[in-house]
Number of protein chains: 2
Amino acid sequence: MDSQYPSQSLERAVRELAKLPGVGRKTALRYALFLLRMPEEEVASFSAALEKLKTETRYCRVCHNISDTEVCPVCGDVRRDRSTVCVVESVRDVMAIENTQQYRGLYHVLGGVISPIDGVGPQDLSIAHLVERVKGGEIKEVILALSSTMEGDTTNFYIYRKLEGTGVRVSVIARGISVGDELEYTDEITLGRSLLNRTEFLGI
Amino acid sequence: MDSQYPSQSLERAVRELAKLPGVGRKTALRYALFLLRMPEEEVASFSAALEKLKTETRYCRVCHNISDTEVCPVCGDVRRDRSTVCVVESVRDVMAIENTQQYRGLYHVLGGVISPIDGVGPQDLSIAHLVERVKGGEIKEVILALSSTMEGDTTNFYIYRKLEGTGVRVSVIARGISVGDELEYTDEITLGRSLLNRTEFLGI
């Protein structure tokens, strides 16, 4: 049963907050009552930050990463290796890879993966633009770093086919057991893959 | 380790969203990226709703419930029993009791309970105003409906002492085993209270 809200502004705020992913009306009400207890200028800065988020951020012209400027900080960094491009699903994946501090190349954000069930086809993703970038000639290797799901694999294969004949090296990130995982609890497919893709042991 | 955000507006939005109760930077980022994918006018209406929440709502002059007007819909409803006042901790409790549809009296929202550990004393709550309301003469019964905690009990007792001599009836909501609960799993204190406070069996 829906709650009776004593105020229309409260009801409206709850309705808006409940649009957030994973937030129901109960959590939304908790958020709204929390905001109500905040000082007025803090609430103003809160809502301004959310509005500016949409009006002030744009997508990088080169790699579709989120950026304040036309070209994102990664693409604009002259010290980065411009011959390697890592293909990821979303901006969050860029951040995750940046946090490893193991990658010095550029990115290409697809905006999702091919998923017929969700109505996402290749034309909804920035694949054509990726092919165009590769044809620009500067890129030597494309690293596919998509989710290890059916949709991710389909998208990997689609991109691979699209890049055939461009002479670029196409690689895919390693699948295997997670660091810290016990063998016993690893699923068979992952374990099988990690055996197939074994690498030279180089000591500790 | 903190993530490297590719955009300052994104970082600011994440910092603001992470202020919400129970929301960390990961969830805040999820919310922010969700808002980024929303159409611009929806984000505008989202942030406007949050801003209006603070500027347009006020607290009811009579009972401290949230309201769009000076007197809340409950206090303004002439069909409600003005001789009974139910004392609750927060606006959420008002909504919970309203949802039972079992109560036709008025409310008094304290704004918390006495809790020396959190630095909340009687002067931080609307207890003085409650005593004033009772002294107005119209009220015959005050129902204490606070949490069944040490702090709630302390507050109950404090209010009871403050209302002594006003001639008003002070009652407290029943404590006992929850409907649907099994006796075996009920804690001893609750079970003991439910035995002490047993009521006449009136058939099913």
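Remember, it's a predicted structure, so these values are computed and weren't measured experimentally.

(A) How the structure looks around the overall build of chain A. Within chain A, the secondary structure is distributed over eight helices and six strands. Helices and strands appear in chain A in the N-to-C order α-α-α-β-β-α-β-α-β-α-β-α-β-α. Summarising its shape, the C-alpha atoms of chain A cover approximately 65 × 45 × 40 Å along the three principal directions. The 204 residues of chain A split such that 41% are buried. Relative to all contacts within chain A whose residues are 6 or more apart in sequence, the contacts with residues 24 or more apart total 47%. Taking the average location of the 25 positive side-chain charges in chain A and that of its 29 negative ones, the two points are 4 Å from each other.

(B) Structural view of the sheet that holds strand β3 (residues 81–88) of chain A. Residues and elements named next belong to chain A. With parallel pairing, the four strands of this open sheet are ordered in space as β4-β3-β5-β6. The sheet is open, and its two borders are formed by β4 (105–109) and β6 (169–172), each paired with just one other strand. Taken pair by pair, the neighbouring strands of this sheet meet at an average axis angle of 25°, ignoring direction. The pairing of strand β5 (residues 141–144) with β6 spans four bridges and is parallel. From the neighbouring strand, Ile143 faces β6, where its bridge partner is Ser171. Docked against the sheet, helix α5 (residues 91–100) engages β3 and β4, running at close to 160° with respect to β4.

(C) Main features of the sheet that holds strand β3 (residues 81–88) of chain B. All names here are of chain B. An order of β4-β3-β5-β6 is seen for the four strands of this open sheet, with the pairing classed as parallel. Each edge of the sheet is formed by a strand with only one pairing partner; in this case those strands are β4 (105–109) and β6 (169–172). Neighbour-to-neighbour, the strand axes of the sheet open up by a mean angle of 25°, direction not taken into account. Of the strand pairs in this sheet, β3 and β4 are connected by five bridges, and their pairing is parallel. Counted as the bridge partner of Val87 is His108 from β4. Its contacts with the sheet place helix α5 (residues 91–100) against β3 and β4, and it is angled at close to 160° to β4.

(D) Inspection of the interface of chain A and chain B at higher detail. Contacts between the two partners involve 57 residues from chain A, matched on the other side by 57 residues from chain B. Contact between chain A and chain B buries roughly 5500 Å² in total, counting both sides, with carbon and sulfur atoms accounting for 67%. Viewed at the interface, chain B and chain A are joined by two salt bridges. As a salt-bridge pair, Glu42 of chain A and Lys19 of chain B come within 4.0 Å of each other at their nearest N and O atoms. Counting across the interface, chain A meets chain B through 13 residue pairs in polar contact (both at pLDDT 80 or more). If you list the elements that add at least two residues to the side of chain A that touches chain B, you get α1 (8–17), α2 (25–37), α3 (40–56), β2 (66–67) and α5 of chain A. The element best represented in the side of chain A that touches chain B is α3 of chain A, accounting for 16 residues. The residue inventory of the side of chain A that touches chain B, partitioned by class, reads 30 nonpolar, 13 polar and 14 charged.

(E) Representation of the environment of Val113 of chain B in the model. All names here are of chain B. Tracing the backbone through its elements, the reader meets Val113 in the loop between β4 and α6 (127–135). Between the C-alpha atoms of Val113 and Arg92, which are 21 residues apart in sequence, the distance is 14 Å. In contact with Val113, other than residues within four places in its own chain, are Glu89, Val120, Leu125, Leu146, Glu151, Gly152 and Thr155.

Definitions and limits used
- Residues numbered from 1 in each chain as written.
- Chains lettered and ligands numbered in written order.
- Predicted model: local features only at pLDDT ≥ 70, side-chain atom pairs only at ≥ 80, totals over all residues.
- Heavy atoms only, no water.
- Helix = DSSP H or I, 4+ residues; strand = E, 2+ residues; numbered from the N terminus.
- Buried < 20%, exposed > 50% of the residue type's maximum accessible area, 1.4 Å probe, protein only.
- Contact = heavy atoms within 4.5 Å.
- Lys, Arg positive; Asp, Glu negative; His and termini not counted.
- Charge placed at Lys NZ, Arg CZ, Asp CG, Glu CD.
- Pairing = 2+ DSSP bridges.
- Axes fitted to C-alpha atoms, helices over the stretch in contact; angles between N-to-C directions.
- Buried area = accessible area lost by both parts, 1.4 Å probe.
- Salt bridge = Lys/Arg side-chain N within 4 Å of Asp/Glu carboxyl O.
- Polar contact = N/O pair within 3.5 Å; in protein donor to acceptor, adjacent residues only side chain to side chain.
- Nonpolar A, V, L, I, M, F, W, Y, C, P; charged D, E, K, R; others polar.

All quantities given are derived from atomic positions and should not be read as evidence of function.
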